[in-house]
Amino acid sequence: MSKFQADLSNCDREPIHIPGSIQSWGFLVVVKVSTNIIQYVSANILDYLNITAGSVLGQPLSAFEAQISGRENKNPLSAFVEAAKRKQEAEAYEVQIEETFFDLLIHTFGQHIYLEFESKSPLSGLNIHNQIGRHVSNILATNNLSDILDRAAVIIKQLIGYDRVMIYKFMEDAHGKVVAEARNEELDPFLGLHYPASDIPAQARQLYKLNKMRLIADVNAPTSSLLAMTDVPLDLSHSVLRAVSPLHIQYLKNMEVASSFSVSLMCKGELWGLISCHHYTPKFINHRLREGARLLGQIISSSIEFKEEEMVNAEQKKHKAVFEKIISELRTGTDIKDAVLNPSVSFKDIVKAEGVFMRYEGRTLKDGRTPSEEQIESIIQWLSETKEASVFQTNKLVDLLPAAKEFAAVASGILACTISRELREYIIWFRPEYMQSITWAGNPEKPVELDEKGEQRISPRKSFENFRTIVENTAERWKAYEQHLAERFKEELLYIINKKASEIRALNEKLKEAYDELETFSSTISHDLKTPLAVIKSYAQLLERNKTLDDQGKQFAARISVGIQRMNTLIAEVLDYSKIGRAEINFQPIDMASLLSTIKNEVGTAFNNPNLVFSIGNTPPVSGDQTMIYQVFLNLISNAVKYSHLSVPSIVTVEGSENEFEVVYKVEDNGIGIDPKHYNKVFELFKRVNVQSDYEGTGVGLAIVKRILEKHKATIWIEGRPGIGSIFWIKFRKFE
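Residues numbered from 1 in each chain as written. Predicted model: local features only at pLDDT ≥ 70, side-chain atom pairs only at ≥ 80, totals over all residues. Heavy atoms only, no water.

1. Thoughts on the overall build of the protein chain
Across its full length, the protein chain carries 17 helices and 27 strands. Across the 736 residues in the protein chain, those meeting the buried criterion constitute 45%. Restricting the contact set of the protein chain to residue pairs at least 6 apart, pairs at least 24 apart contribute 65%. (Helix = DSSP H or I, 4+ residues; strand = E, 2+ residues; numbered from the N terminus. Buried < 20%, exposed > 50% of the residue type's maximum accessible area, 1.4 Å probe, protein only. Contact = heavy atoms within 4.5 Å.)

What follows is the structure, given as structure tokens:
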């Protein structure tokens, strides 16, 4: 019926669910659900009954029922079929045809009802369920999954009597590994061996999910073809008698296996592995024994699911605790750096990683073992150019980024979350190379062998001698919950960053309002105070010119004029201070030689100190607003001249230096100096640390200086000692 010809190029696409034949240890009758007409019959029915397939095909089920029923042995096939239609479940019955007893297995699939007859074994009378009940407690008497699997292999071997029983686990890439084994002493062990994924291709694994048991009683026994009323191939996915791929039969023959039996092990709805049994002579297992093995398979599957879930939960709980601790810190307003690099927890441990890197808002954080900065940049470059997903993971980066081989020992695997692809902001966790040695049952890169004629054998391979490979440039795989936690952490981080940005925007709005109010207030005060001050000053000047006023009165009037002048100066400086925060900086190169020369002349004229020695050294240019920078140096130099005027000589020096990244200026004098304990106060508004009557001031000038320099991203600091002098240092950044 099936015209598909399996060969070495298409074995992974072989339609093994519609082979067109069955194994010979039973016969098959298939009835159409809607008509109860027999549409398919296996040719070997004649081997079991004195009936030809042709005499049954196309007949009503009732006719076949009459043929196999004697006067004393009624076989109510029609009743069995009707029950199967109602229940839609597989059922097993015992029937007698003449002197022979059969196990009859009935199941419904699609538009057909399948009746599979197999001869009843003399062992059928054994109470299999009682045997299993005695063994289950022994299997589950340990909390260790490895011990459970070892005990299960031994008990199943005792139950079915096969020479070798293996627990075979499918790994992440679908290749298999023998994780438990019970065998006859004379047999070589297969425990720990790995088998390529091609040994059990994808379509075979899918069938193991649908049909949980598979028996090949004799690899050398001929199959029996199906006769049909239609050209549509019969789907035998759920049939116990389904014939086996010739590729698999040859595979078993190459292993010198005469009979095989397998039971699927499921975990969370997926095929976890197999109970794979080999016998080196033909061996049939009756229905009851198979059902007993299937029941054990279900118990083992439940144990696997529970134990693996338990292990994952324990690991997940540990990482989730780190995640929740960090998120809790972030939500309470802790700085991001302090939260993710807390002495007790690190965002490295949100997943199982040995290193982590994060870049956000121009900041970079790292912890643990990571590639170099240059290597991380190459990863980020590759991610930004090739990966659009918000979360990306691989356990073998070198396959995607060949240059990663240079740092495979640190980062064979990465788990990356995108904060901003455009700004190249990422969180990347790193896993090192997990180098391991794998022993294969044969060369996995050599799936076929040449026979003595130099022709390829139609089998996956012939040799099963151990073949060892070293797995390199590969890390442990990232689990689903780790990817989920990583993505949640990124989302929480973005929420915190956006929240802080919103708070900053709100603060900026309030600051803008405060600046507006301050400017309005300053302007109002300036206007409202200057008018009465002008009147007072006029009257003071009139008093000074009044000839009837005595000398003491004239002295009082003069002091009033000086006080008014100082108040006007203070009002002007406060107004200047209030405007600085609103001013926009237009960064332009400033000719410092010209600027300082102008200030030198102005200060010399203003102070008229004959003992002043004013020197200007190197004057490298700086970038900024020329008016503001002029105000900075005028203020500093004026202070230097003022506070050193009692020294003889009075020495003031201004000099600059530069390197690749910055320009540094110093303004030095030999005046009264500043006590180090006052260094932090001198830049505060209205703070004067030198209050001797010999030195006038408002306490606003240096506050203006600091505010201007902050606008220019520059810094200022002080050196010096009382009685020795002061040095004001200013460091400007170079802007390209």
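2. Considerations on the pairing of strand S18 (residues 425-431)
The element S18 is largely enclosed, with a buried count of seven among its seven residues. Of the two faces of S18, both are covered, the one formed by Glu425, Ile427, Trp429 and Arg431 as well as the one formed by Tyr426, Ile428 and Phe430. As paired elements, strand S14 (residues 355-360) and S18 share four bridges and run antiparallel to each other. Within S18, the position partnered with Val356 by the bridge is Trp429. Sheet analysis places strand S17 (residues 413-420) next to S18, joined by seven bridges and oriented antiparallel. Considered in S18, the bridge of Thr418 is made with Tyr426. The turn linking S17 back onto S18 is made up of four residues, and Arg424 within it adopts a positive phi angle of 55°. (Pairing = 2+ DSSP bridges.)

3. Some words on the sheet that holds strand S5 (residues 100-109)
Taken in spatial order, the seven strands make up an open sheet running S1-S11-S3-S2-S6-S5-S4, and their pairing is antiparallel. The two strands at the open ends of the sheet, each matched to only one other strand, are strand S1 (21-22) and strand S4 (91-97). Direction of pairing for S1 relative to strand S11 (residues 224-228): antiparallel, over a ladder of two bridges. Its bridge partner lying in S11, Ser21 is registered against Ser225. Along the sheet, helix H4 (residues 77-87) contacts S4, S5 and strand S6 (112-119); its crossing angle with S5, the most-contacted strand, is approximately 30°. (Axes fitted to C-alpha atoms, helices over the stretch in contact; angles between N-to-C directions.)

4. Looking at helix H16 (residues 626-643)
Helix length check: H16 (18 residues) gives 26 Å between terminal C-alpha atoms against 26 Å at 1.5 Å per residue, within 8%. Taking burial as the measure, the 18 residues of H16 include 13 buried ones, the bulk of the element. Backbone nitrogen of Met628 and a side-chain oxygen of the N-cap are separated by 3.0 Å at the start of H16; the cap is Asp625. (Expected span 1.5 Å × (residues − 1). Polar contact = N/O pair within 3.5 Å; in protein donor to acceptor, adjacent residues only side chain to side chain.)

5. Details of the packing of aromatic side chains
Within this structure, the stated rule accounts for 15 aromatic pairs. When the centroid spacing of 6.2 Å and the interplanar angle of 10° are considered together, the rings of Trp717 and Trp729 count as stacked. One end of the pair, Trp717, is in strand S26 (residues 715-721); the other, Trp729, is in strand S27 (residues 725-733), and 12 residues separate them in sequence. Here the aromatic residues Phe27, Tyr48, Phe64, Phe102 and Phe117 are joined through ring pairs into a cluster of three or more. The lysine or arginine in question, Arg164, covers the ring of Phe190, its NZ or CZ lying 3.6 Å from the ring centre. Geometry around Trp478 places Arg431 over its ring, the cationic atom sitting 3.9 Å from the centre. (Phe/Tyr/Trp six-rings, centres within 6.5 Å; stacked < 30°, edge-to-face > 60°. Lys NZ or Arg CZ within 6 Å of the ring centre and 35° of its normal.)

6. Overview of the pairing of strand S12 (residues 259-267)
Of all nine residues in S12, nine are buried, a share of seventy percent or more. Relative to S12, strand S10 (residues 213-216) runs antiparallel, the two being bridged by four bridges. Within S12, the position partnered with Met213 by the bridge is Val263. Direction of pairing for S12 relative to strand S13 (residues 270-279): antiparallel, over a ladder of nine bridges. Note that in S13 the partner of Ser262 across the bridge is Ser276. Hairpin connection from S12 to S13: two residues lie between these consecutive antiparallel strands, with Lys268 at a positive phi of about 55°.

7. Focus on the nonpolar core
Membership of the largest hydrophobic core comes to 46 residues, with the highest contact counts inside it found for Leu28, Phe261 and Ile275. Of all hydrophobic cores here, the second largest spans 37 residues; its members include Ile590, Tyr665, Ile708 and Phe728. (Core = buried A, V, L, I, M, F, W, Y, C linked by side-chain atoms within 4.5 Å.)

8. Examining the sheet that holds S18
One open sheet accounts for five strands, arranged S15-S14-S18-S17-S16; its pairing is antiparallel. In this open sheet, the two strands that pair with only one neighbour each are strand S15 (363-368) and strand S16 (391-394). With direction set aside, neighbouring strand axes in the sheet form an average angle of 10°. Contacts from helix H11 (residues 373-386) reach S14, S15, S16, S17 and S18 within the one sheet, and its direction differs from that of S18 by about 115°.

9. Topic: the environment of Phe347
Along the chain, Phe347 falls in the loop between helix H10 (336-340) and S14. Residue Phe347 is classed as buried on the basis of its relative accessible area of 0%. Along the chain, Phe347 and Met358 lie 11 residues apart, while their C-alpha atoms are 9.7 Å from each other. Those residues in contact with Phe347, other than ones at most four positions away along the chain, are Ile326, Val340, Leu341, Val356, Met358, Leu365, Ile427, Trp429 and Phe489.

10. Here we look at the packing of helix H15 (residues 592-607) against H16
Relative orientation of the contacting elements H15 and H16 amounts to 40°, with a least axis distance of 10 Å. Between H15 and H16, the angle is such that the two are oblique. Here the hand of the crossing between H15 and H16 comes out right-handed. Only Gln626, Ile629, Tyr630, Phe633, Leu634, Ile637, Ser638, Val641 and Lys642 of H16 make contact with H15, whose side of the interface consists of Met592, Leu595, Leu596, Thr598, Ile599, Glu602, Val603 and Phe607. (Parallel < 35°, antiparallel > 145°, perpendicular 65-115°, else oblique. Left-handed = near helix turned anticlockwise from the far one by under 90°.)

11. So, the side chain of Arg290
With respect to the element layout, Arg290 can be found in helix H9 (residues 287-331). A polar side-chain atom of Arg290 sits 2.7 Å from the main-chain carbonyl oxygen of Ile285. Discounting residues that sit within four places of it in the chain, Arg290 has contacts with Trp25, Leu105, Glu118, Met213, Leu215, Val240, Phe261, Phe284 and Ile285.

12. Focus: the pattern of salt bridges
In this structure the tally under the stated criterion is 26 salt bridges. Here Glu492 and Arg331 are joined by a salt bridge, their closest N and O atoms 2.4 Å apart. One end of the pair, Glu492, is in helix H13 (residues 480-545); the other, Arg331, is in helix H9, with 161 residues separating them in the sequence. Residue Arg331 is classed as exposed on the basis of its relative accessible area of 51%. One salt bridge connects Arg363 with Asp335, and the closest N-O pair in it is separated by 3.4 Å. (Salt bridge = Lys/Arg side-chain N within 4 Å of Asp/Glu carboxyl O.)

13. As for the confidence of the model for the protein chain
Per-residue pLDDT for the protein chain averages 83, and the proportion of residues at 70 or more is 80%. Between the elements of the protein chain, mean pLDDT differs from a low of 61, seen in strand S20 (residues 466-471), to a high of 96, seen in strand S3 (residues 38-42). Note that pLDDT drops below 50 for residues 456-463; the model gives that stretch 45 contacts with residues more than four away or on any other chain. (pLDDT = per-residue confidence, 0-100.)

14. Observations regarding the packing of helix H6 (residues 145-160) against H9
For the pair H6 and H9, the least separation of the axes is 11 Å and the interaxial angle reads 180°. Between H6 and H9, the angle falls in the class roughly antiparallel. Note on element contacts: H9 touches H6 through Leu289, Gly292, Ala293, Leu296, Ile300, Ser303, Ile304, Lys307, Glu308 and Met311, opposite Leu145, Ile148, Leu149, Ala152, Ile155, Ile156 and Leu159. Here the residues of the contact of H6 with H9 are counted per class, giving 13 nonpolar, two polar and two charged. (Nonpolar A, V, L, I, M, F, W, Y, C, P; charged D, E, K, R; others polar.)

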